[in-house]
Amino acid sequence: MSGVLNQHWHFAIVGAGLSGSCLALLLAREQRQWNILLIDTQAPATEPDHRASALSASTVDVLQTMGLWSDLEANTAAITAIDVSDRGHLGSASLNASEQKLRAYGHVVENAHLAEVFEQALPTFPNITRIQSSAPSLIKPRRGGMSLILEQGECLADLVVIAGGEHRALAEKLGITYRSYDYQRVAMVANLTMAEAHAGLAHERFTGDGAIALLPLSGEGEKRVSLVWTLPAEQAEAMQAVSAEGFIVSLNEQLGSRAGTALEVDYRQCFPVKKIIAAEQVRSHLLLLGNAAHSMHPVAGQG
Ligand SMILES: Cc1cc2nc3c(=O)[nH]c(=O)nc-3n(C[C@H](O)[C@H](O)[C@H](O)COP(=O)(O)OP(=O)(O)OC[C@H]3O[C@@H](n4cnc5c(N)ncnc54)[C@H](O)[C@@H]3O)c2cc1C
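Here is what the cut-offs are and how they apply
- Residues numbered from 1 in each chain as written.
- Predicted model: local features only at pLDDT ≥ 70, side-chain atom pairs only at ≥ 80, totals over all residues.
- Heavy atoms only, no water.
- Helix = DSSP H or I, 4+ residues; strand = E, 2+ residues; numbered from the N terminus.
- Expected span 1.5 Å × (residues − 1).
- Buried < 20%, exposed > 50% of the residue type's maximum accessible area, 1.4 Å probe, protein only.
- Contact = heavy atoms within 4.5 Å.
- Polar contact = N/O pair within 3.5 Å; in protein donor to acceptor, adjacent residues only side chain to side chain.
- Phe/Tyr/Trp six-rings, centres within 6.5 Å; stacked < 30°, edge-to-face > 60°.
- Lys NZ or Arg CZ within 6 Å of the ring centre and 35° of its normal.
- Pairing = 2+ DSSP bridges.
- Axes fitted to C-alpha atoms, helices over the stretch in contact; angles between N-to-C directions.
- Left-handed = near helix turned anticlockwise from the far one by under 90°.
- Nonpolar A, V, L, I, M, F, W, Y, C, P; charged D, E, K, R; others polar.
- 1 Å grid on protein atoms, 1.4 Å probe; cavity = no way out; pocket = protein on both sides within 12 Å on 5 of 7 lines; lining within 4 Å.
- Points joined across faces, edges and corners; volume = space filled by probe spheres on them.
- Domains from an automatic or database assignment.

Would you take a moment to explain helix 2 (residues 18-30) for this structure?
Each α-helix turn comprises 3.6 residues. Residues three or four places apart therefore point the same way. With 13 residues, helix 2 extends 18 Å between its outermost C-alpha atoms, agreeing within 8% with the 18 Å of an ideal straight helix rising 1.5 Å per residue. Residues of helix 2 that are buried include every one of Gly20, Ser21, Cys22, Leu23, Ala24, Leu25, Leu27 and Ala28, and no others. Along its buried surface, helix 2 packs onto strand 1 (8-14), strand 2 (36-40), helix 5 (111-121), strand 8 (128-132) and strand 11 (153-162).

See the structure below:
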């Protein structure tokens, strides 16, 4: 740790989640002489993330440039078509990537696979030092950079990046305020096995209570999909408590015939749905990144 404290860091990134790890890898690759300190309160993959992310085409380009796409692609499913419908209403929309001369609208990957690829890549860069440490108690400006007060002492960096996700205390200690809007909804996330292969088709289905998104996943004969079901909190609680069979029956009622039939669900995990935006995302020698800067409704799979 004393080595960490005595070095000059070009970048200190607080939070080694998807955003912080990705930035560390991008910076390390960009300039081999940049020294990057990546700090997290937790050891890698302490809590499994069961969510899946829809990666836009530009994100796939970035991962390709980083040389990571080849390790990831086998665990992704391309979204080649999108069906948008409104339960109880006639209107609907169908989009097809090939009609727009696109290979895919995006690719869906389970966050755990993405995190694994990042974790494997981090040690291959000697200019990244990853440490597990209690949260810095303070970040304060100093001439030409920032100092971080860690439990073990003070550490200096040209640029500090706060990428601590929903844990916003560090930014708030710097006087950064957040505007938030509570949608009064919970996003219930689960992986489903469907009766039919998804063939790259994603569904966005609006219901009276909230949106249901089904995103294609890789593997198992293309029958796995990632579900994001936004519901009022009390309904989500009930859906979490009900048996797997009861859950599937309720879900299929909402899906109707357009999105196919769900057969099985593995686990159910809930996230409150809020729009939270930091009033300041950039200061001299300071940057807020990822959920530390903003979080938004996951309705379009573009959180
Ligand atoms: C239902 C749902 C669906 C979503 N779908 C998509 C999607 O399709 N596409 C998409 O792009 N995004 C999606 N998102 C959003 C995406 O999951 C988040 O934007 C992303 O995971 C945020 O990553 P992060 O690195 O900013 O934060 P996190 O993943 O929360 O990581 C923060 C890290 O910081 C560490 N930490 C916290 N505080 C400190 C501290 N003080 N000191 C040191 N370390 C600290 C934590 O241990 C953690 O490792 C979705 C979100 C939800 C809820």
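How should the side chain of Asp83 be read in this particular structure?
Within the fold, Asp83 resides in strand 5 (residues 81-86). A polar atom in the side chain of Asp83 sits 3.4 Å from the side chain of Ser94. Once residues lying within four places of it in the same chain are set aside, the contact partners of Asp83 are Ala93, Ser94, Leu201, Ala202, His203, Glu204 and Arg258.

Explain the packing of aromatic side chains here, please?
The geometry of two aromatic rings is summed up by the distance between their centres and the angle between their planes. In total, this model carries three aromatic pairs according to the counting rule given. Measuring from centroid to centroid gives 5.0 Å for Tyr181 and Tyr183, while their planes differ by 85 degrees, and the two rings are edge-to-face. Using a relative accessible area of 46% as the deciding quantity, one classes Tyr181 as partly exposed. Arranged with centres 5.7 Å apart and planes meeting at 65 degrees, the rings of Trp229 and Phe247 form a pair that is edge-to-face. Placement of the pair is Trp229 in strand 15 (residues 224-231) and Phe247 in helix 8 (residues 244-255), with a sequence separation of 18 residues. The same class applies to Trp229 as to Phe247, namely buried. Cation over ring: Arg168 sits above Tyr178, and NZ or CZ is 5.2 Å from the ring centre.

Explanation requested: the sheet that holds strand 7 (residues 106-110) in the structure shown.
Within a sheet, neighbouring strands are paired by backbone hydrogen bonds and run either parallel or antiparallel to one another. What the three strands build is an open sheet, ordered 3-7-4; its pairing is antiparallel. On the outer flanks of this sheet lie strand 3 (52-56) and strand 4 (76-79), each paired with one strand and no other. Direction aside, the axes of adjacent strands within the sheet are offset by 30 degrees on average. Pairing geometry for strand 4 and strand 7, over four bridges, is antiparallel. In the strand pairing of strand 7, Thr76 is matched with Val109. Strand contacts of helix 3 (residues 57-65): strand 3 and strand 7, with the helix running at about 90 degrees to strand 3, the strand carrying the most contacts. Where helix 5 meets the sheet, its contacts fall on strand 3 and strand 7, and the angle it forms with strand 7 comes to roughly 85 degrees.

Explanation requested: the packing of helix 2 against helix 5 in the structure shown.
When two helices pack together, you describe them by how their axes are tilted relative to each other and by the distance separating the axes. Two numbers describe how helix 2 lies on helix 5: the axes approach to 10 Å, and their chain directions differ by 35 degrees. Once helix 2 is placed against helix 5, the crossing between them reads as left-handed. Contact residues: helix 2 offers Leu18, Ser21, Cys22 and Leu25, while helix 5 offers Asn111, Leu114, Ala115, Phe118 and Ala121. Broken down by class, the residue content of the contact of helix 2 with helix 5 amounts to seven nonpolar, two polar and no charged.

Looking at this structure, how should I read empty space enclosed by the protein?
One simple way to see leftover space: roll a probe sized like a water molecule over the atoms. All chains considered together, the criterion is met by one cavity of 30 Å³ or more. In this structure, the largest cavity spans a volume of roughly 40 Å³. Forming the boundary of the largest cavity are Glu204, Ala211, Ile212, Ala213, Val228, Thr230, His297, Pro298 and Val299. Counting residues per element, the ones that place at least two in the lining of the largest cavity are strand 14 (210-216) and strand 15. Ranked by residues supplied to the lining of the largest cavity, first place goes to strand 14 with three residues. Among the residues forming the lining of the largest cavity, the class breakdown is six nonpolar, two polar and one charged. Here the lining of the largest cavity spans two domains, and each of domain 1 (2-52 + 114-179 + 275-300) and domain 2 (64-108 + 182-273) adds at least three residues to it.

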